[in-house]
There are 2 protein chains.
Amino acid sequence: MNKLTGDVKGKRVAMVCGVPMDVENCPVRDVMDNIGGKWNSLMILSLADGPLRFSGLRRLIPDISQRMLTQTLRDLQRDGYISRTVFPTQPPSVEYALTDLGRSLLELLKHFVDWSLANHAAIRTARDTYDGAP
Amino acid sequence: MNKLTGDVKGKRVAMVCGVPMDVENCPVRDVMDNIGGKWNSLMILSLADGPLRFSGLRRLIPDISQRMLTQTLRDLQRDGYISRTVFPTQPPSVEYALTDLGRSLLELLKHFVDWSLANHAAIRTARDTYDGAP
DNA sequence: AGAGCAACTCTCAAAAAGAGACCTACAATC
DNA sequence: GATTGTAGGTCTCTTTTTGAGAGTTGCTCT
């Protein structure tokens, strides 16, 4: 019997790092989907230094389409990572900022940034080796 | 002038957390693409307790297609996170295991698992609030 | 002899992402 | 006073990714 499986409510289910990886309703997958999206974590990192407006974010991440920018912001807002505030100027301006939850996640993401910088060279080397050997 | 931009080799570029977010050749994006894929980090977590074979991984992550399993394993192998060892049994069996680099990343991912468990309730609440207010 | 496993690959359909046009309303420029 | 620009989007169309599932090769077990 595999130590990597367990029972949750009578249902046989995979366990990863002690967490039941039930396909639906798995906390880890839920969060991973958020940080896992192509733009999501980049967006949170971009708001690290303070609130930004729609067009400010576009300038900061020049290769995101408006469509994906809108959608990513909505997704992150929905899950409580960022807030959206409309100021009644003419034309209205909309400011996006990290919430407490978002700042909490940001702390984790910063470790990733550090790790990336420290290990980038090793990854590039591995990749070149792999690609070089047909 | 925005503190969020800087110059890299004479090219104006966005800065995030002090890191130049040059669209190509950005270390952070490079790593984020790896942990960011839908299955990538789940795969690394799945190998946390020891090496597994192709079919073992399928059982552990029942909702991944064979196609994506193959591709995810190749990607992670290419970037040096996992190793692939073929044993000359009949039929040959193939074992996937974390490398040192993979185990190093795993330590970071474990923090995510912890964070997910701690904050999952808050995310669900935020989501329900957002969805409940049309 | 027939079924099953292991580790894939291949094809086709569905879903997600990207490109880019379009929209409303105001402000500044020529 | 006509054009151009900005802000914060939406809409449509095309391309790229994913997913579902059948097929493959060779051996083993019943």
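Below you will find a few notes about this structure. Since this is a predicted model, take the numbers as computed values, not measurements.

1. Comments concerning the nonpolar core
Here comes step 1: Core analysis: the largest hydrophobic core is formed by 66 residues, its most contacted members being A:Tyr81, A:Leu105, B:Tyr81 and B:Leu105.
Here comes step 2: For B:Tyr81, the contacting residues outside a window of four places in its chain are A:Trp115, A:Ile123, B:Val31, B:Asn34, B:Ile44, B:Leu76, B:Ala97, B:Leu98, B:Thr99, B:Leu101, B:Gly102 and B:Leu105.

2. Considering the interface of chain B and chain A
Here comes step 1: Taken together, the contact between chain B and chain A spans 59 residues of the former and 59 residues of the latter.
Here comes step 2: Approximately 5,600 Å² of surface area, both sides summed, lies buried where chain B meets chain A, with 69% of it carried by carbon and sulfur atoms.
Here comes step 3: The largest per-residue losses of area from chain B upon contact with chain A belong to B:Arg78, B:Phe112 and B:Trp115, which jointly make up 13% of the total buried on that side.
Here comes step 4: Taken together, chain B and chain A are joined by 10 salt bridges.
Here comes step 5: Between B:Asp63 and A:Arg29 there is a salt bridge whose closest N-O contact spans 2.9 Å.
Here comes step 6: Where chain B packs against chain A, one counts 15 residue pairs in polar contact (both at pLDDT 80 or more).
Here comes step 7: Put simply, the parts of the chain that give the side of chain B that touches chain A at least two residues each are β2 (11–16), α1 (27–36), α2 (40–46), α4 (66–78) and α5 (100–132) of chain B.
Here comes step 8: Residue classes in the side of chain B that touches chain A are distributed as 34 nonpolar, 13 polar and 12 charged.

3. Comments concerning the protein's contact with DNA strand C
Here comes step 1: In the vicinity of DNA strand C, 19 residues are found, and the nearest of them are A:Lys38, B:Gln66, B:Arg84, B:Val94 and B:Tyr96.
Here comes step 2: When atoms of DNA strand C within 4 Å of the protein are sorted by moiety, sugar and phosphate together comprise 66%.
Here comes step 3: Here a phosphate oxygen of DNA strand C and a side-chain polar atom of B:Ser55 are 3.0 Å apart.
Here comes step 4: Taking B:Tyr96, its side chain carries an N or O atom lying 2.8 Å from a phosphate oxygen of DNA strand C.
Here comes step 5: Contributing elements (two or more residues each) for the surface near DNA strand C: α4 (66–78) of chain A together with α3 (54–60), α4 and β6 (93–98) of chain B.

Rules behind the numbers
- Residues numbered from 1 in each chain as written.
- Chains lettered and ligands numbered in written order.
- Predicted model: local features only at pLDDT ≥ 70, side-chain atom pairs only at ≥ 80, totals over all residues.
- Heavy atoms only, no water.
- Core = buried A, V, L, I, M, F, W, Y, C linked by side-chain atoms within 4.5 Å.
- Buried < 20%, exposed > 50% of the residue type's maximum accessible area, 1.4 Å probe, protein only.
- Contact = heavy atoms within 4.5 Å.
- Buried area = accessible area lost by both parts, 1.4 Å probe.
- Salt bridge = Lys/Arg side-chain N within 4 Å of Asp/Glu carboxyl O.
- Polar contact = N/O pair within 3.5 Å; in protein donor to acceptor, adjacent residues only side chain to side chain.
- Helix = DSSP H or I, 4+ residues; strand = E, 2+ residues; numbered from the N terminus.
- Nonpolar A, V, L, I, M, F, W, Y, C, P; charged D, E, K, R; others polar.
- Near = heavy atom within 4 Å.

Purely spatial values, then, with no claim about function.
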